[in-house]
Amino acid sequence: MAEQSTSIRSLQHLDVASSPADETPIPIPTNNDSEDHEAGNIEQQHEKLLVQTADDDINNLEDRLVDALDALKLATSNYDLQVRNVFELCAFAGTNLAAKFQDDDLIIEAYERLNEQLCLPTMLEIAQSDARIARRCAALGFFQAFAKEMKQQWASDKSIFNRREKVWLAERMDELLQMWVRASIGCLVEGVFTQSSAESAVASKGVLSANAAIRPVFWSISRSIDAADDEGALALFRPAMMMIAGVCRKFFLSEDDNLRASCVKFLETVVLCFSSKGNMVGSGRRNSSKINQKDDFSLTDLPTGHPKITREALESVAHFAFIVLRGLVEVGGQMSCTLPPTYSDGEEEFTVENLISSIKPAALVYLEVDSNRNANDDKIDRRGLEVSFYLSQKSFAITVNAVAIIAINRAPFFKDAARTLSRRAIDPPSTSSSEGLNKASVLGVNSQLRASCLTLLRNPLSVTSSAADILVRALKHVGMTVQADKAHNAAKQQAALKTASRKVRNRAAVFYEWDQSEQERTTKRQRETDDALAQLRAERKAKGLGNGIQLPNNLIESCELVLQNLTNIPATRPTQSKKGRTITLDYVVDAIMSNGASLKRDAGRWYDRDGGEAWSCEVSNSLVRLDLSENVFTEESGRELYSKQCRQAAADAFTRIVSWGDFHHQVDNPLSALRDQISKQISARLACTLKGVKPPKTSPLSTSHELALKSIASTDLLETQTKNSLTKLLDEYPLVAACLALEYAKPFSTALSSNEGPSLSLMKQVLIETYLQQTSESYIGMSDKSNNILFACISYICKVANEKPTDLEQKKIASIVHKTMPLIMSGIPVVSKCTLQLLSSLCDVDAIHKALADISKKSSSTIAASAAAHAATRAAEARAEMTLLALKDMAFDRTKTSTRQAAIDCAVALATGHFPSPVSVQNKAQKLVINILFLRSPTHADMVITAATCELNRATELVVASNAKVEAANKSFLDLQRNEDEFIENPLQPFSAEEKEVMDRIQPTTELFMAICVRRPDAIRVLMDCSCRENAELLLKTVKSGISKLVKASSLAYGSANIALKVADMAKKDNEQFLIAFINHLAPSSIAEIPSQPLVDACFKIQEDKAGQDGSKNPSYIIPVVSALKRSKLVELLPNFVRAESQVYRRALLRMSEKLGRENTIFRDEHQESESSTFLGMTRCEQLVFLHKLDFRALGLPQKTYLDGIRQILDMENIFTDKILHGALDHMSRLFLLGESLPLAYMRTIIQVCQRRETLHNWICSDLLPRLLEGKIFNDRRQWEGWMRAVRILEKNVGVNSLFAISKLPEAQLQMYRSKYPA
């Protein structure tokens, strides 16, 4: 009303100039005819202005909505926040406008313009077709939230909607539900995403959305049928049926377990909605498994009379869906069945029969198995079952829970559900079955089955439906006889109360032992404890002992009170007792109650009470003088005792100062914070001043001091000299170490509860104080030693926590370390390399992995112990990550170059495995070094290279020192191997265990350095020099095993030809092996891609540049690019490869043919050999042919080397197969028939083939040997001798022999053959 009155008042002063530009100016009457006429004009002007203002508001909202939708479509994250902005604009705009302008018609106008025309179609499009999973899921959530808001507006009695607008809202609700269902269907379509994981994620969200939509949809259908709107009900019913069918199909065909679990929950909802409640029996108690009765939908709520939406059809759907759930429970998975094809005739033709056809096959396969067993047989013979998939623990538990919920809420299904769960409880899954569940999963599923059976037995329906017997039998079978009897008796009592009189029901007191509220009993005990504590405080307050004895707040009054009581100091010291009393709670209470009289019995603490004879006191003229008496402690033993008492007094005073902050610390009080700071400054100064003063044995400072001693003694990272210096500091200044480790020695009740508690601030203050005291000669090096002591304690605490992962105390202390580490690192003035090494020891979490493995091996270990061990493992890994972040901060934030270098050295040592750490931490450290530290600045990059070079040199020294041991182990290993060819084919594989151990230790170092070489190619020179050192062959072997990554990344960054020439320029004479290995990986590995011409030219240039003094060229430099050379060129180079070593020769043969694939078995004929030949590479068949055609004498090739080259080809049986040999020999024999002479080594090869390749005997006897006779081979004496030897070898065979070839011999040649080789 305030806004309305203001508008009216503003109209009274409105003139023409103030009217909108696009409307006619509002006339203002100038005559005073009547007041009514003036009031009418004002009302008309008011109405026009209100309409204009409302339109402006809607336009503004429309613009904001467009911006919000654009932001949603363009966003890359935070989709839920963007959808929430859209929802707030759409859901409340109409109601806010109606309340503002008192016009209900604005609701309809705002909904049509904002929602129907703009928002809802856009959100539907996003939910159905957006490429981002998270945006789709957020859009589905929008429909659910919007439908919920509309339902609240429609159902609210306080709503501003009248009857007409509620009818309109119901129609809009139907349209919204249709869009919601279609959005869910869009996420259930097969092939939404190419990746199965993405499609499963979207489908899971679609199933959850469908599960949330099914009840509102059928409530809306029921409302439409009740209003005789059959078409409206059918328009929503058909897409709902398609949605249910889509979910069922996803369940049967998906391989994602999370999606299956969602589908099981959806099937539960379908059964509940499509079945009647039946005759439910009240249990007399609240049952948490029952669903909300207000939102529950059943067939009873569906009106009759619709021609297509009938109760009978939906009840059939529920019947088959429930059978599917029963089969999942009893079988443990879904049995194989034939599903109908996907429905594709459109939404208008989809019926309930189509839905039933998609569920019915899965139900029938279980009914077939269930019908084949006897009625009293509780077990299923699973040996012959064909199962599509088995349920995991999660899906199994959800299925069991679904069956139990259906039984409790739908009486017609109770007996079948009880029979199913009971049978499965009697025949539970096991680890030895084919269901694939581990031990923990089996225990969880069995527990769920027993609990469900017990829940059903407690329900009165178990008695009325005659299902109690089988439930009792199942529970007794699993050893729950007592629980079964109690539950059965309670169910019978509840069932009897249903038909009993009101008097009996009122008198009945149903009591379950498991129904007692533990929370109520705990609250009662707590209340009793609080009352007792309040009573104790009241009694103490009545005695005047509420807060003990305190001095006045005024300092002057306190001094006067002390001076007046000095006369009460006794003249003599109390008699000493042999043994002092232990300070306990009773000790303190007695002292307060007796006003200090009880302290006289404790002679060992005389100094802190009323003084003694060691002091002389004179009081004169209000002046007090205290002096040490001259006749006191004349003996040496007395002086020692006095000195000891003074140190003890100082220690007690120091303890009180330190503990003051723990008892008086107030987080929100600035004055308390100031007092805490002063207290810690005084404590830090005293700790660095009190020399030789040890903390009291009963205080936490003593525990922290012992912790420091243990930490230094147990660490292996410190040298002996450093350990001795730290131990000396502990002896000279014990309070320093006690303050540093105090945070980790306190009771957990007083442990760190905020970001920076008193003990942590004391620790930082001590570190600062030791740094400031270094100006004095007696305190030189004290700061570094203090830092080392602190981090030695931290290292020791984490080490013990890793060794004992199930120890709760150590776990809590380690968690304090994790929480305080960032604050500690920020408070250290100067950090040394030794300190950072101790910090790096937190990354050594191998101990916890071993402990976790031991726990998992123990059969007696509980699930809780395993879970605690896994949690401790995650905590240890989190501490390791925190250490890496601390090293990063040190390298970035510190100004001293030495500190930065030390931090980078430690990070590199962790990345290379020099400092003990698991593989996961090494990988993270490598990412930190390469991707963060190296890229920070050129200075940091130089530091990283320096540290990595040191680690590479250390690895080289390790390899050189282990060379003799590894060679001896390899020799012993190879002597035991019968087939060494396996290792010759893979020379980079470690032979012995000793060699593998050394390679595993140096492999992280080489990987890190090669990653650096990618960014700094000049560093390759260092890698080459170290790899090619004498006795460092194992380092070169390790580098070769991972050099492919270096070569690939370098070639992409700088070009393969450029990097090859650059590395060749850096390579020395003794770096030849590294250079060859580098070039060998430059050629593309893809079969379809050949080396580029610049790379080919670069390889030939390198071969020229690296030629020997005698002009000899190493063919290894051009082997990587031989696949890109023409065949004619390779024929020229073939003799050079034959002359080379065996491995080089074999590698050249493989490289020539690696791009040719299936053509390797043939000889590619050319009508004319020319320079323009397009044949690249050389097939293996061609290699054998051209090798035979070589004129080794003319080429200066020794015959032995030439023949050995052919022999090596025949030895490679897996590469040069029988088919390749057949093609080569056949090609040369056909050329022989055409008049070309046979190669000199041809028949020698035939003889070797006869001896080695038995599968070619048939072809040789039937085709090759007669063909050679046809070409008159007997005219060549040497070839004729070889022919006869080959025939003689095959003549002795039992099966395939050469008798057919012998029969083709002419008479003269036959006699010649028989004369040499008689029959």
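Predicted model only: the values in this text are computed from it and were never measured.

**Concerning the overall build of the protein**
Then comes step 1: From N to C terminus, the protein includes 53 helices and four strands.
Then comes step 2: The buried share of the protein, reckoned over its 1319 residues, is 46%.
Then comes step 3: Summing over all exposed atoms, the protein offers an accessible surface of approximately 68200 Å²; the carbon and sulfur share of this is 50%.

**Concerning the pattern of salt bridges**
Then comes step 1: A full pass over the atoms with the stated rule returns 34 salt bridges.
Then comes step 2: The partner of Asp296 in a salt bridge is Lys277, and the shortest N-O contact between them spans 3.9 Å. Highlighted residues: Asp296 in the loop between helix 10 (257–273) and helix 11 (311–331) and Lys277 in the loop between helix 10 and helix 11, separated in sequence by 19 residues.
Then comes step 3: Look at Asp296 and you get buried, because its relative accessible area is 3%.
Then comes step 4: We note a salt bridge from Glu1291 to Arg1314, for which the minimum N-O separation is 3.0 Å. Remark: Arg1314 occurs in helix 53 (residues 1307–1316) and Glu1291 occurs in helix 51 (residues 1277–1291); sequence separation between them is 23 residues.
Then comes step 5: Among the residues examined, Glu1291 registers a relative accessible area of 14% and is labelled buried.

**Remarks on the packing of helix 50 (residues 1257–1270) against helix 51**
Then comes step 1: The interhelical angle for the contact between helix 50 and helix 51, taken along N-to-C directions, is 150 degrees, at an axis separation of 11 Å. In terms of orientation, helix 50 lies roughly antiparallel with respect to helix 51. The hand of the helix 50/helix 51 crossing is left-handed. In this structure, helix 50 contributes His1257, Ile1260, Cys1261, Leu1265, Leu1268 and Leu1269 to the contact, and helix 51 contributes Trp1280, Trp1283, Val1287 and Leu1290.
Then comes step 2: Taken together, the residues of the contact of helix 50 with helix 51 sort by class into nine nonpolar, one polar and no charged.

**Let's talk about unusual backbone geometry**
Then comes step 1: The residue Ser466 is not glycine, and still its phi comes out positive at about 60 degrees.
Then comes step 2: Looking at where Ser466 falls in the secondary structure, it is placed in the loop between helix 16 (461–464) and helix 17 (468–477).
Then comes step 3: Judged by its relative accessible area of 53%, Ser466 is exposed.
Then comes step 4: Of note in this structure, Asn1031 is not a glycine but carries a positive phi near 65 degrees.
Then comes step 5: Among the structural elements, Asn1031 can be located in the loop between helix 39 (1020–1027) and helix 40 (1033–1054).
Then comes step 6: Owing to a relative accessible area of 31%, Asn1031 belongs among the partly exposed residues under this scheme.

**A closer look at a nonpolar patch on the surface**
Then comes step 1: A surface patch of nonpolar side chains, about 260 Å² in accessible area, is lined by Ile768, Tyr771 and Leu772.
Then comes step 2: Among the secondary structure elements, Leu772 is positioned in helix 28 (residues 758–772).

**Overview of the environment of Arg172**
Then comes step 1: By secondary structure assignment, the location of Arg172 is in helix 7 (residues 163–188).
Then comes step 2: For Arg172, a relative accessible area of 10% translates into the label buried.
Then comes step 3: In sequence terms Arg172 and Tyr111 are 61 residues apart; their C-alpha atoms lie 9.2 Å from each other.
Then comes step 4: Every residue in contact with Arg172, bar those within four places of it in the chain, is listed here: Tyr111, Glu116 and Met150.

**Side note on the packing of aromatic side chains**
Then comes step 1: Under the counting rule described, the total for this entry stands at 16 aromatic pairs.
Then comes step 2: Seen in terms of ring centroids, Phe322 and Phe413 are 4.6 Å apart; in terms of plane orientation they differ by 35 degrees. Their pairing is tilted. Here Phe322 is found in helix 11, whereas its partner Phe413 is found in the loop between helix 13 (393–409) and helix 14 (414–426), with 91 residues between them in sequence.
Then comes step 3: Take Phe413: its relative accessible area is 10%, and that puts it in the buried class.
Then comes step 4: With a centroid separation of 6.1 Å and 90 degrees between ring planes, the pair formed by Phe1274 and Trp1280 is classed as edge-to-face.

**Topic: the side chain of Ser254**
Then comes step 1: Position of Ser254 relative to the elements: it lies in the loop between helix 9 (230–253) and helix 10.
Then comes step 2: Judged by relative accessible area, which is 10%, Ser254 ranks as buried.
Then comes step 3: A distance of 3.1 Å separates the side chain of Ser254 from the backbone nitrogen of Asp256, its partner in a polar contact.
Then comes step 4: Residues contacting Ser254, with those up to four places away along its chain left out, are Ser200, Leu259 and Arg260.

**Looking at the side chain of Gln901**
Then comes step 1: By the secondary structure assignment, Gln901 is in helix 34 (residues 897–911).
Then comes step 2: Contact partners of Gln901, with chain neighbours within four places excluded, come to Met943, Thr946 and Ala947.

**A word on the confidence of the model for the protein**
Then comes step 1: Confidence in the prediction for the protein averages 76 pLDDT; 75% of positions are at 70 or higher.
Then comes step 2: Summarising per-element confidence for the protein, the mean pLDDT is lowest in helix 1 (residues 2–11) (32) and highest in helix 34 (90).
Then comes step 3: Here residues 1–43 is a poorly scored stretch, pLDDT under 50, and it has 20 contacts once near neighbours within four places are set aside; other chains count.
Then comes step 4: Per-residue pLDDT stays below 50 along residues 748–757; that stretch engages in 17 contacts with residues further than four places along the chain or on separate chains.

**Focus on the environment of Thr655**
Then comes step 1: Relative to the helices and strands, Thr655 resides in helix 23 (residues 636–664).
Then comes step 2: Within the structure, Thr655 has its side chain in polar contact with the backbone oxygen of Ala651 (distance 2.7 Å).

**Some details on the environment of Ala402**
Then comes step 1: Inspection of the secondary structure puts Ala402 in helix 13.
Then comes step 2: Note: C-alpha distance between Ala402 and Leu267 (135 residues apart in sequence) is 8.5 Å.
Then comes step 3: Setting aside chain neighbours within four positions, we find Ala402 in contact with Val264 and Glu268.

Conventions adopted
Residues numbered from 1 in each chain as written. Predicted model: local features only at pLDDT ≥ 70, side-chain atom pairs only at ≥ 80, totals over all residues. Heavy atoms only, no water. Helix = DSSP H or I, 4+ residues; strand = E, 2+ residues; numbered from the N terminus. Buried < 20%, exposed > 50% of the residue type's maximum accessible area, 1.4 Å probe, protein only. Areas by Shrake-Rupley, 256 points an atom, 1.4 Å probe, with all protein chains shown as cover. Salt bridge = Lys/Arg side-chain N within 4 Å of Asp/Glu carboxyl O. Axes fitted to C-alpha atoms, helices over the stretch in contact; angles between N-to-C directions. Parallel < 35°, antiparallel > 145°, perpendicular 65-115°, else oblique. Left-handed = near helix turned anticlockwise from the far one by under 90°. Contact = heavy atoms within 4.5 Å. Nonpolar A, V, L, I, M, F, W, Y, C, P; charged D, E, K, R; others polar. Patch = residues over 30% accessible without salt bridge, like charges linked within 9 Å, V, L, I, M, F, W, Y side chains within 5 Å. Phe/Tyr/Trp six-rings, centres within 6.5 Å; stacked < 30°, edge-to-face > 60°. Polar contact = N/O pair within 3.5 Å; in protein donor to acceptor, adjacent residues only side chain to side chain. pLDDT = per-residue confidence, 0-100.

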